[in-house]
Protein chains: 2
Amino acid sequence: MKGNALDYRSLRTKNRQDVRQAIRSGSYRGHTAGLADGYLQANLIILPKIYALDFMRFCQRNPKPCPLVGVSDDGDPYLRTCGQDIDIRHDLPSYNIYRNGALSEQLHAIEALWSEELVTFALGCSFTFEHAMERQGIPVRNIRNNTTVPMYRSSLPTVQAGPFRGPVVVSMRPVAQNQVHKAAAISAHYPLAHGSPMHWGNPQTIGIGDIDKPDWGERSPIGRDEVPVFWACGVTPQAAVQAAKIPFCISHTPGCMLITDIPETAEVPVLMPEPVEGVRP
Amino acid sequence: MKGNALDYRSLRTKNRQDVRQAIRSGSYRGHTAGLADGYLQANLIILPKIYALDFMRFCQRNPKPCPLVGVSDDGDPYLRTCGQDIDIRHDLPSYNIYRNGALSEQLHAIEALWSEELVTFALGCSFTFEHAMERQGIPVRNIRNNTTVPMYRSSLPTVQAGPFRGPVVVSMRPVAQNQVHKAAAISAHYPLAHGSPMHWGNPQTIGIGDIDKPDWGERSPIGRDEVPVFWACGVTPQAAVQAAKIPFCISHTPGCMLITDIPETAEVPVLMPEPVEGVRP
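Residues numbered from 1 in each chain as written. Chains lettered and ligands numbered in written order. Predicted model: local features only at pLDDT ≥ 70, side-chain atom pairs only at ≥ 80, totals over all residues. Heavy atoms only, no water.

### Digging into the relation of the copies chain A and chain B
- Note on the copies: chain A fits chain B at an RMSD of 0.0 Å, the axial shift is 0.0 Å, and the rotation between them is 180°. The transformation relating the two chain copies, once decomposed into turn and shift, fits a two-fold axis. Among all residues of chain A, the one whose C-alpha sits closest to the rotation axis is leucine 53 of chain A, at a distance of 2.6 Å.
- When you check the interface residues of chain A against chain B, 100% turn up at the interface there too, and the contact is symmetric in its surfaces. (Least-squares fit on C-alpha atoms with pLDDT ≥ 70 in both. Contact = heavy atoms within 4.5 Å.)

### Considerations on the packing of aromatic side chains
Residue and element names in this part refer to chain A.
- In total, this model carries 14 aromatic pairs over all chains according to the counting rule given.
- Between phenylalanine 55 and phenylalanine 121 the ring centres are 4.9 Å apart and the planes differ by 70°, which places this aromatic pair in the edge-to-face class. Taken together, the positions of phenylalanine 55 in helix 3 (residues 52–61) and phenylalanine 121 in strand 5 (residues 118–124) put the pair 66 residues apart, joining distant regions of the chain. Phenylalanine 121 shares its class with phenylalanine 55; the two are buried.
- Judged by centre distance (6.3 Å) and plane angle (55°), the ring pair of phenylalanine 58 and phenylalanine 164 falls under tilted. (Phe/Tyr/Trp six-rings, centres within 6.5 Å; stacked < 30°, edge-to-face > 60°. Helix = DSSP H or I, 4+ residues; strand = E, 2+ residues; numbered from the N terminus. Buried < 20%, exposed > 50% of the residue type's maximum accessible area, 1.4 Å probe, protein only.)

### Observations regarding the interface of chain A and chain B
- Counting residues at the interface gives 50 residues for chain A and 50 residues for chain B.
- Note on chain A versus chain B: buried area summed over both sides is about 4,000 Å², and carbon and sulfur give 58% of it.
- For the pair chain A and chain B, the interface holds 6 salt bridges.
- Arginine 57 of chain A is paired through a salt bridge with aspartate 74 of chain B; the nearest N and O atoms lie 2.9 Å apart. (Buried area = accessible area lost by both parts, 1.4 Å probe. Salt bridge = Lys/Arg side-chain N within 4 Å of Asp/Glu carboxyl O.)

Just distances and angles here, no functional claims.
Structure follows, in structure tokens:
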């Protein structure tokens with residue numbers, strides 16, 4: 001398979017079916033930022049079904065960090081409402097395997113771990129509003145610098161559901177002072193991609209001590225005329241699942257997302273026909 | 001209690017706490033359209049917990065008819081993310097009790113039926129976009145005529161989850177030909193209230209044989225220059241629950257909704273603080 005390895009640059013011009021095929025076949029194992037432009041990408045959480053209802057309640061109660069865009073049937077490896085042929089066992093470049101709350105391994109496919117007991121959850125991701133900000137003239141630092149966005153455990157609490165609780169994890173993007181309100185308004189249009197910011201300005205207000213030491217990702221330097229803007233982050237449910245120390249859980253490896261068939265501009269996260277415009281009889 | 005009975009007109013000027021108190025005490029048992037203006041009202045489904053995960057998947061997969069705005073813990077009669085003190089056993093004017101898929105009784109409180117086995121679901125309702133259309137100059141026929149909106153079983157299918165399946169139920173409002181696109185655009189802003197229309201124009205295109213014979217509600221006459229516009233309707237999950245013939249289920253009586261503390265304009269359906277706007281250090 002290594003002989004077929006595709007590089008990121010060559011995939012950027014491919015459509016989403018080709019990108020997904022490259023991932024499924026093992027030819028591409030890197031991050032998915034900027035790939036299959038225009039389609040919703042998703043965070044992944046796979047859990048034993050005994051935790052599924054509580055986890056789904058956790059997402060419903062914390063829609064900014066955890067915008068649900070798809071849920072499988074028990075034991076079904078296909079995420080049928082997110083795409084024509086999404087096989088969750090192969091269609092992500094890399095998976096994190098957690099056992100009793102600790103990362104135990106990273107894999108490029110999870111067929112060997114699949115069982116009838118598992119339920120898959122897909123949650124919207126920030127790529128969607130980043131694209132919209134870039135299109136509307138607000139440069140996104142982590143895209144321009146080709147770095148992973150910095151992420152922090154905040155002091156903002158999630159709303160608990162069963163064993164799932166903990167802090168809201170936030171991502172930070174520096175925005176020019178005079179563009180903060182525009183950035184907030186643009187992202188508010190994408191509730192399936194974390195929506196409007198949770199906070200901007202002083203990081204300490206939301207419990208972040210050192211902005212240059214993110215808990216995940218890489219630091220993003222903040223310019224003189226810039227304000228740090230914080231959005232709810234899809235790592236929140238991974239942190240909640242880890243804190244709950246459930247025996248077994250699979251997630252995507254941060255940055256290596258599921259590419260869905262749902263357009264980024266979709267009103268609701270399902271594959272559905274456009275409204276039928278008929279002729280009055 | 002009857003001695004205290006309040007009429008609809010006197011409640012229209014009251015705030016939502018007073019309206020909820022009047023309902024809770026049994027002083028008001030009528031419909032909630034136009035009450036507690038500005039706050040999200042919700043359809044109600046209460047089910048035994050063994051059906052809760054499948055029902056929640058049904059809602060996630062059918063977000064236009066079933067926009068989830070709240071889910072309780074197992075056996076918890078409080079809907080904590082929808083309001084400060086919502087006690088689901090008393091806070092609706094009227095409840096429908098279904099046994100094995102058939103309506104068995106209507107009650108004004110359900111304390112006697114409550115058990116640790118029950119899970120409550122609240123789903124957004126069309127009042128929200130009706131208010132927005134009226135504010136923006138599109139008259140809503142059923143409001144002007146003080147009738148119940150006509151509802152129809154369509155030929156559009158829902159996406160199945162476990163035992164829950166069946167047609168999308170749609171509501172119809174006649175709209176002036178030159179305002180149809182505006183009405184569609186306004187309602188698209190409220191995905192928690194069914195969002196944009198499913199269809200407009202020929203009713204037969206979506207399987208409706210006689211527009212003057214709705215399956216629920218009252219007929220709405222369509223004028224010469226008007227087009228029938230069809231939105232997904234919150235009766236869809238009631239129809240799915242009835243078709244599944246589950247042994248026991250409670251819903252609101254159509255028109256008698258739950259009044260939440262969530263503003264109609266909320267980005268996400270949870271009580272949450274506004275983004276904190278701090279000062280740059």
